[in-house]
Amino acid sequence: MSSGFASKDKQVSLAELAALVPNGASLGLGGSFLHRGPFAFVRELIRQEKRDIEIIKQSPGYDIDILCRAGVASRARCGIVAMEGNFGLAPWYRRAVEKGHLKLEEHACASLTAGLRAAAFGVPFMPCGGLHGSDLVRINDWKCLDDPYGSGQKTYVIPAISPDFAVIHASSVDRDGNVRVAGTYHWDRIMSRAAKSVLVVAEELSDTRFADQPELTIVPYFMVQNYAIVKNGAWPGSCWPSYAIDYPAVDAYLQEGPEALARHIDAAPEAEVHRHG
Amino acid sequence: MAEQWSGFSYIVTNLARFIRPDEITFSGVNSTPPMLACLLAKRAYDWDFVYINVAGGVDPSPSSIPISSSDPLLAEGSASIFANEDFYDLCTRGRMDLTFLGAAQLDGAGCANNSCIGEWAHPKVRLPGGGGGAVMLPTARRACTWRTEHSKRTLVAKLDFVTSWGGMHGVVTPIAVFVKRDGKLALQSWHPESSLDEVRERTGFTFDASDAGPTAPPTSREREALESLDPHGQFERDAAVRLR
């Protein structure tokens, strides 16, 4: 029995990838705000009517908003939530918290990272700089430790956070499931190390020999459970350098009413595959 | 009468004036004015500084100016990717010279609430959250912020929730620039079309105003730099900043 995912036959459809997630699971999502988020995957969770999903991400926006809007997410750990790019607050997320439909564990981005690092490093908690004087410490009951080596410094420690799945939207994968990301990887790397499994949606299946530049791979295949290929899957967000934010599409998403949501989901790039798939 | 200085230009220009030569300076998510301030400072001043940002960029040369302040365009032309974990770690180890952070409410000590209006557990309004603030504000050498609304509900005597403690070094609003002095925000200057009385009238906390006077108007280079960043006035329109 392998401790990893030794198979080199990992490609599945988007629907099969999302079907791996049971109700009640916790998902660490990659990307940041409207940039390179696993948004096709998130919409597939809605199509499959998942429930009671926990979202773990330092800076979610569109993803957590649409999951609140569709009744998929019930719990969240995050640092800052907004649509960003001039769209302001994430309205359905905001309402879900205000009405008590979403149970929030509010973090600083770096305290969430500290929790992920604890899980990645295999220790029960992880020190995190700063946090002194913040009410976040009180509401989360974070403990402050004296330096056992006698410097006199006090450091807050954050309990380990291990998502059931890290879900990453990647620029490309090779056939075996090695993962490449163009531009910044945000928190995807630590997310992949902290999670029990990594699910990947990639823009393309690359024919490039990744072994020629192995340093460009941020997740090796043996950590990846399965991957799916979805061109433009980070829509309506960006995926550098292939495409930018589709601002009119985000505008359309923000219209009130269930019809607007249905229209938005049907307009998504992966919906085409669904209809003809 | 001198040409009017818009609230938008006032905020961006005065944020840029907090940047100092050679210092490592960071702009983050949801932070269009500081992004513009950093890009303005690169164009308007004779000296250089190290500009890092949330898109992983280090002294980038973006081919266009993005609406989103975390857009990957902000890493274009960068020779390295200095990713999210990197800039937080840089900050907590004490080597972030200046960071810009957002705030919904500020108190007289420059602490910030980004979390909620009302009680945290049962909020009247759920706000975005502090992002980097709780970790960066107490550990950065200096942190500066802005508010597009100068009022007694944004500049308060007591915060509904202390998301980030440690005190901003500088705060810019459409009508005033505050700087930390002896652990409290003191008025440094006011918008030339405003007054000390108006700033007092519209501020919820008390502050020292000795040595304060009207803000020096934008230099021609500051003005030209901002015009080059926002040639069609799109950022200015989107920000919709009003003096009153």
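Scroll up for the structure.
To keep things clear, this report deals only with the structure shown in the data block. (Residues numbered from 1 in each chain as written. Chains lettered and ligands numbered in written order. Predicted model: local features only at pLDDT ≥ 70, side-chain atom pairs only at ≥ 80, totals over all residues.)

Focus: the overall build of chain B
Here is the rule we go by: Going along the chain from the N terminus, every DSSP run of H or I of four or more residues is numbered as a helix, and every run of E of two or more is numbered as a strand. What the globule rule says is 2.2 Å times the number of residues to the power 0.38, and the radius of gyration is computed from C-alpha atoms. We call two residues in contact when the distance between their C-beta atoms, placed using the backbone, is within 7 Å.
Of the regular secondary structure elements, chain B holds seven helices and 12 strands. Since a compact globule built from 244 residues should have a radius of gyration of about 18 Å, the 17 Å found for chain B is in line with a globular shape. Seen through its C-alpha atoms, chain B measures out along the principal axes to roughly 50 × 45 × 30 Å. Long-range contacts, defined here as pairs at least 24 residues apart, represent 66% of the contacts in chain B between residues at least 6 apart.

Thoughts on unusual backbone geometry
Residue proline 236 of chain A is bonded to the preceding tryptophan 235 of chain A through a cis peptide linkage, with omega at 5°. Note on placement: proline 236 of chain A falls in the loop between β12 (224-229) and α8 (247-253). The omega torsion of the bond from tryptophan 240 of chain A to proline 241 of chain A falls at -5°, within 30 degrees of zero and hence cis. Turning to its location among the elements, proline 241 of chain A is positioned in the loop between β12 and α8. Phi at aspartate 182 of chain B is positive, roughly 50°, even though this residue is not glycine. Here aspartate 182 of chain B shows up in the loop between β10 (176-181) and β11 (184-190).

Examining the environment of alanine 267 of chain A
All names here are of chain A. How we decide: Burial in this document is a count-based property: other C-beta atoms within 10 Å of a residue's C-beta are tallied, and the residue is buried at 20 or more, exposed at 12 or fewer, or partly exposed in between, with C-beta positions derived from the backbone.
Summarising the element assignment, alanine 267 is placed in the loop between α9 (258-266) and α10 (269-276). Alanine 267 sits in the partly exposed class, given 15 other C-beta atoms within 10 Å. Alanine 267 sits 18 residues away from alanine 249 along the chain, and the two C-alpha atoms are 8.9 Å apart.

Let's talk about the sheet that holds strand β5 (residues 125-128) of chain A
Residue and element names in this part refer to chain A. This is how the line gets drawn: Any two strands with at least two DSSP bridges between them are considered paired. What counts as an axis is a line fitted to C-alpha atoms, over the stretch in contact for a helix, and the angles between N-to-C directions run from 0 to 180 degrees.
With antiparallel pairing, the three strands of this open sheet are ordered in space as β5-β7-β6. Each of the sheet's edge strands pairs with one partner strand only, and the pair in question is β5 and β6 (143-146). Direction aside, the axes of adjacent strands within the sheet are offset by 45° on average. The pairing of β5 with strand β7 (residues 154-159) spans four bridges and is classified as antiparallel. Bridge assignment links phenylalanine 125 to a residue of β7, and that residue is proline 159. Of the strands in this sheet, β5 and β7 are in contact with helix α5 (residues 109-121), which crosses β5 at around 145°.

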